[in-house]
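So you can see what is in the structure, the chains are spelled out below.
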Amino acid sequence: MKEEIRVLIEADKVEERVKQLAEQINREYEGKKLHLICILKGSVFFTCELAKYIKVPVTMDFITVSSYGDGLTSSGCITVKQDLTMDIKGREVLIIEDIVDSGRTLSYLSHMLKKRNPASLNICTLLDKPECRVSDVTVAYTGFEIEDLFVVGFGLDYAQKYRNLPYIGVLKIKED
Ligand code: PRP
């Protein structure tokens, strides 16, 4: 089996869009404090990059959730592997995600986190595949809408590989 990656969104386009999203967030959260929740592992690059350009006071926490395993499709079974370390009650919470696919992860997480009574709970995703949606999710900030392609890079993996690519690429697996 041979893995090939075709560039879908160049690194500079990703960076430019991240800055635009941060500007929008800065405007809409002006005068407030923002609590970012990074969903590990995929959104670590996006969260850090975005946070660099957010000008309102920021706190950050991390949660490890998994739905994919090592395959190309979602297992549909969401597991919280490591919960948040901070209470979100009364905080303006922004969940940062690398990709919304079926929406199962964010639907599950939103329900779980709303029960903890944050002042607000919004979602920011770098990528969205609207045509793959199975569970209803309201996304406040979206970097790019893409087709139903298996993408890697900027945090996204295939079998834990390619997260470090600075661009978004489409993975193709070819028989030898
Ligand atoms: C991926 C991605 C999202 C989720 C999206 O995580 O980072 O969290 O799947 O899929 P969904 O909308 O169909 O639920 P994954 O389980 O692969 O873990 P990872 O972030 O560690 O790569």
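Bear in mind the structure is a predicted one, so any value in this text is a computation, not a measurement.

Participant: So what exactly am I meant to see when it comes to the site of the ligand here?
Facilitator: Every one of the 18 residues lining the ligand counts as a neighbour, but S67, E97, D98, S102 and T105 are closest to it. At 2.8 Å, a backbone N or O of G42 approaches an oxygen atom of the ligand. Computed on the free molecule, the ligand has an accessible area of 500 Å², of which 94% lies beneath the protein chains in the complex. At the level of elements, strand 3 (58–66), strand 5 (92–100) and helix 3 (104–114) are the ones that each hand at least two residues to the shell around the ligand. The dominant element in the shell around the ligand, judged by the number of residues it contributes, is strand 5, at four residues. The residue makeup of the shell around the ligand, split by class, is five nonpolar, six polar and seven charged.

Participant: Got a minute to help me understand the pattern of salt bridges in this structure?
Facilitator: If the charged atoms of two oppositely charged side chains come close together, the side chains can form a pair. Under the defined criterion, the tally for this structure stands at nine salt bridges. Across the pair K129 and D148 runs a salt bridge whose closest N-O atoms are separated by 3.6 Å. You can see K129 sitting in the loop between strand 6 (120–128) and strand 7 (141–145) and its partner D148 sitting in the loop between strand 7 and strand 8 (151–152), a full 19 residues away along the chain. A relative accessible area of 46% places D148 in the partly exposed class. Where salt bridges share partners, they join K2, E4 and K174 into one cluster.

Participant: Even after reading the chapter, I still don't get the sheet that holds strand 8, so can you show me in this structure?
Facilitator: By way of backbone hydrogen bonds, the strands of a sheet pair with one another, either parallel or antiparallel. Strand order in the open sheet formed by three strands is 1-9-8, with antiparallel pairing between adjacent strands. A strand with exactly one partner marks an edge of an open sheet, and here the two such strands are strand 1 (2–9) and strand 8. With seven bridges joining them, strand 1 and strand 9 (residues 168–174) adopt antiparallel strand pairing. Considered in strand 9, the bridge of I9 is made with I168.

Participant: Sorry if this is basic, but what is going on with a nonpolar patch on the surface here?
Facilitator: Judged by side-chain polarity, V58, M60 and F62 come together as a nonpolar surface patch covering roughly 200 Å² of accessible area. Here M60 is to be found in strand 3. With relative accessibility at 30%, the residue M60 sits in the partly exposed group.

Participant: What's the story with the packing of aromatic side chains in this structure? I'm lost.
Facilitator: The description of an aromatic ring pair rests on the distance of the ring centres and on the angle between the ring planes. Taken as a whole, this structure holds one aromatic pair when the rule is applied. Relative to Y158, the ring of F150 lies with its centre 6.0 Å away and its plane at 85°, an arrangement referred to as edge-to-face.

Participant: Looking at this structure, I do not really get unusual backbone geometry. What am I missing?
Facilitator: Negative phi is the rule for most residues except glycine; trans is the rule for most peptide bonds. Cis geometry is found at the peptide bond from L40 to K41, where omega equals 0°. Considering the arrangement of structural elements, one finds K41 in the loop between strand 2 (34–40) and helix 2 (44–52).

Rules and cut-offs
Residues numbered from 1 in each chain as written. Predicted model: local features only at pLDDT ≥ 70, side-chain atom pairs only at ≥ 80, totals over all residues. Heavy atoms only, no water. Near = heavy atom within 4 Å. Polar contact = N/O pair within 3.5 Å; in protein donor to acceptor, adjacent residues only side chain to side chain. Areas by Shrake-Rupley, 256 points an atom, 1.4 Å probe, with all protein chains shown as cover. Helix = DSSP H or I, 4+ residues; strand = E, 2+ residues; numbered from the N terminus. Nonpolar A, V, L, I, M, F, W, Y, C, P; charged D, E, K, R; others polar. Salt bridge = Lys/Arg side-chain N within 4 Å of Asp/Glu carboxyl O. Buried < 20%, exposed > 50% of the residue type's maximum accessible area, 1.4 Å probe, protein only. Pairing = 2+ DSSP bridges. Patch = residues over 30% accessible without salt bridge, like charges linked within 9 Å, V, L, I, M, F, W, Y side chains within 5 Å. Phe/Tyr/Trp six-rings, centres within 6.5 Å; stacked < 30°, edge-to-face > 60°.

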